[in-house]
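One letter stands for each residue in the lines below.
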Amino acid sequence: MTPAVRVPPVLLLAVVLHTAVFPQLRLFGVAADVMLLLTVATAIVGGPERGALMGFAAGLLADCFLQTPFGLSALTYCMVGWFVGVFQTRVLHAVWWIPVLTAAAATAAGTVLFVGLGAVVGQDQLVSSHLPAILGVTALWSAVLVTLMVRLLRWAMMVDSARAGLVLR
Amino acid sequence: MALSRRNGRSRVTLLFLILTSITVLTLDFRGEGAGVIDRVRHTATDAIAPVRDAADSVFSPVGSAFSGITGYDHLKDENAKLKSRIADLQGAQTQNEDAVRELRELLALDHLDWVGNAKQVAARVVSAPVSNFEQTIELDKGSHDGIKVDMPVVTGAGLVGRVVDVSGSRSTVRLITDPSASVGVRMARSSATGIATGDGAGRRLTVGFIDVNADVRVGDLAVTSGLSGGSDIYPASIPVGRVTRADRQPGELQQRVEVKPLADVAHLRFVKVLQVTP
């Protein structure tokens, strides 16, 4: 079993969670952004290059279910994946709450980036008074779910915790 | 050294991915690659539909429990209110049936179409809005069942939205509460026309372009005007909502009007797609 065999099922699982499971579990009408979380977790486990690649793939899949221009999520998520990857290679000997905080901050930042880039390509409706709630709840969901997602990706990408930049027990 | 070389390589990858995304984005935006991109989108939607259906049927009770935990008392109250309301409505319905028959006869005399005569496709709502930014729902019927883009979607209560995307077995509906949706509306009592735009989940619609001198009161019924409202066109005379606010501010050229949708667009299970394309 190589990562090439293990990663696609994880992607499929993420799509199902993103489109069918978490939209049912809403807080203040806001659901978790699983595809963005998948990107962040990949970057935490695998670094900037894999983070960017996963961000692109996850973003394109997310775009399939959106009415915003195709490629907007891909553009946003590959940038988020790269930045988180670069950030994690600089933080050594981290404690457990660093990835949790990273996931929350990266999710909020990624969502702002999505809205910002969206506004640039004419999707002005993305900017609304609902935005603070969206940022807060998606960041919270990511913080809660990141530990599980990191474990899943460590299995999928066959990275053992000793070689990863982080100590996440 | 090794670290910076790896970072350098990842930077090239990132640049490549960004450029690819922008290319795809541009193609979709300019409508040039629309055929290919739509096909990819629709294939992905159709391919994953069975898996999502399964997950949906497993998790919708969990979702109901999740929202039920906080709202049980409210539900009991609501149930009692609804029962008395049904009795009222049954009375009103018998009166309306006669009015509908008369309207149909009159319109037929003038050879005018009435939206109530349109063929309907019943569909189940299989997905709540996937994104936090869009008010769209997905239906379990698609082009195989005769659904086309721009067809209006209703419930027994009133207008829900408009079909914006169709694949073989699925269709996507933009709800009237979506911030980018707009509906041309007419006040049933005074015939004042305006354009209702969405303001996000659970919020009322804001109606613009209503003349200051127009007679609009709280409680008035708003129906589709059949006039183009921004980008979206609906057939005339579909009930949309009731006016909850109508203010005149001194010095302004239009009234501030808000409309509450008649259809409970946040909790839809079944809808009807009217087979008319305006």
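Quick notes on the rules
Residues numbered from 1 in each chain as written. Chains lettered and ligands numbered in written order. Predicted model: local features only at pLDDT ≥ 70, side-chain atom pairs only at ≥ 80, totals over all residues. Heavy atoms only, no water. Axes fitted to C-alpha atoms, helices over the stretch in contact; angles between N-to-C directions. Helix = DSSP H or I, 4+ residues; strand = E, 2+ residues; numbered from the N terminus. Parallel < 35°, antiparallel > 145°, perpendicular 65-115°, else oblique. Left-handed = near helix turned anticlockwise from the far one by under 90°. Contact = heavy atoms within 4.5 Å. Nonpolar A, V, L, I, M, F, W, Y, C, P; charged D, E, K, R; others polar. Buried < 20%, exposed > 50% of the residue type's maximum accessible area, 1.4 Å probe, protein only. pLDDT = per-residue confidence, 0-100. Pairing = 2+ DSSP bridges.

With that out of the way, let us pick up the packing of helix H2 (residues 34-63) of chain A against helix H4 (residues 97-120) of chain A. Residue and element names in this part refer to chain A. One way to put it is that H2 packs onto H4 with a least axis distance of 10 Å and a crossing angle of 135°. Here H2 lies oblique to H4, going by the angle between them. H4 is crossed by H2, and the crossing has right-handed handedness. For the pair H2 and H4, the contacting residues are Leu 36, Val 40 and Ile 44 in the first and Pro 99, Ala 103, Ala 106, Thr 107, Gly 110 and Thr 111 in the second. Considering only residue class, the contact of H2 with H4 consists of six nonpolar, three polar and no charged.

The subject of this paragraph is the side chain of Thr224(B). Along the chain, Thr224(B) turns up in strand S9 (residues 221-224). By relative accessible area, Thr224(B) is classed as buried at 0%.

The subject of this paragraph is the confidence of the model for chain B. Detailed reading of the predicted coordinates is not advisable wherever pLDDT falls low. Scored by pLDDT, chain B has a mean of 83; 91% of the residues are at 70 or more. Of the two predicted TM-score estimates for the complex, the pTM is 0.78 and the ipTM is 0.84.

Turning our attention to the pairing of strand S4 (residues 159-166) of chain B. Residue and element names in this part refer to chain B. Within S4, eight of the eight residues are buried, which leaves the element mostly enclosed by the surrounding structure. Where strand S3 (residues 152-154) and S4 come together, three bridges link them in antiparallel fashion. Note that in S4 the partner of Pro 152 across the bridge is Arg 162. Counted between consecutive antiparallel strands, the loop separating S3 from S4 contains four residues. One ladder, built from five bridges, connects S4 with strand S5 (residues 171-175); its direction is antiparallel. Residue Gly 161 lies in a different strand from S5, and its bridge partner there is Leu 175. The turn linking S4 back onto S5 is made up of four residues.

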